[in-house]
Amino acid sequence: TLMMTGNTKTFTTGNKIINNFIAKNTTSSNYEIIIAGNLLLNGYLYIAADGTGDEALDLETNNGDVSVTGNLDFTGTGSGSESIKMGSGDWTVSGLVDFRNGTVDSGTSTLIMDGADENLRSNNQTFYNLQLQSEINIPYIYNDTFDFSVSNNLTIEATGQMTMWLNSTLNLLKDAT
């Protein structure tokens, strides 16, 4: 597991596979981790603002692709906020995607969900492209909503399906195939 904390910095991946990655801020200052290269994770990706400062993960500056075999989640326990700038790359996630506790700037990226029986938990985020390659659930949790929008293309592959439960809304702003 690679945990990066502290000052704003650039992480050059060298396109190497990392087991797990945590971008974490425990301070009162706002920090950002800029990714240079493709972020390839055999495990989870967590963004955590555990102090009063914000933590951001930036793939917009260098527009790399992201592959996560586990979960992608905002896990901070402090009063700071978590955010992701997705850029224009492909984000392939095989586990749970939980964006409820942060913000997402999707840029012109594609979020590809390809795991078995995944959940997408959103907080009114807008995805540029969303591609579903497996069974995706938009779950129901009491007093919680998982509204989201797709501003360009929603693609559901032949093996994919989407199940939306109570209190969820999908806004298609362009095409669906």
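So, how was this worked out
- Residues numbered from 1 in each chain as written.
- Predicted model: local features only at pLDDT ≥ 70, side-chain atom pairs only at ≥ 80, totals over all residues.
- Heavy atoms only, no water.
- Helix = DSSP H or I, 4+ residues; strand = E, 2+ residues; numbered from the N terminus.
- Contact = heavy atoms within 4.5 Å.
- Areas by Shrake-Rupley, 256 points an atom, 1.4 Å probe, with all protein chains shown as cover.
- Core = buried A, V, L, I, M, F, W, Y, C linked by side-chain atoms within 4.5 Å.
- Buried < 20%, exposed > 50% of the residue type's maximum accessible area, 1.4 Å probe, protein only.
- Salt bridge = Lys/Arg side-chain N within 4 Å of Asp/Glu carboxyl O.

(A) Up close: the overall build of the chain. Looking only at helices and strands, the chain features zero helices and 22 strands. Taking contacts inside the chain between residues at least 6 apart in sequence as the whole, the part at least 24 apart equals 50%. Carbon and sulfur atoms form 44% of the exposed surface of the chain, whose accessible area is close to 7800 Å².

(B) Highlighting the environment of Ser28. One can find Ser28 in the loop between strand E4 (21-25) and strand E5 (31-36). Put simply, Ser28 and Gly78 are 50 residues apart on the chain and 9.8 Å apart in space, counted from C-alpha to C-alpha. The residues touching Ser28, leaving out its near neighbours within four places in the chain, are Thr52 and Gly53.

(C) Quick look at the nonpolar core. Grouped together as the largest cluster of nonpolar side chains are 33 residues, with contacts concentrated most on Phe21, Leu45, Leu57 and Trp91. In contact with Trp91, other than residues within four places in its own chain, are Leu45, Leu57, Leu59, Val66, Leu72, Ile84, Lys85, Met86, Ser109, Thr110, Leu111 and Ile112.

(D) Geometry of the pattern of salt bridges. Per the stated rule, a full pass over the model turns up four salt bridges. Here Asp50 ties to Lys24 by a salt bridge, and the two come within 3.3 Å at their closest N and O atoms. Placement of the pair is Asp50 in the loop between strand E7 (45-49) and strand E8 (55-58) and Lys24 in strand E4, with a sequence separation of 26 residues. With relative accessibility at 25%, the residue Asp50 sits in the partly exposed group.

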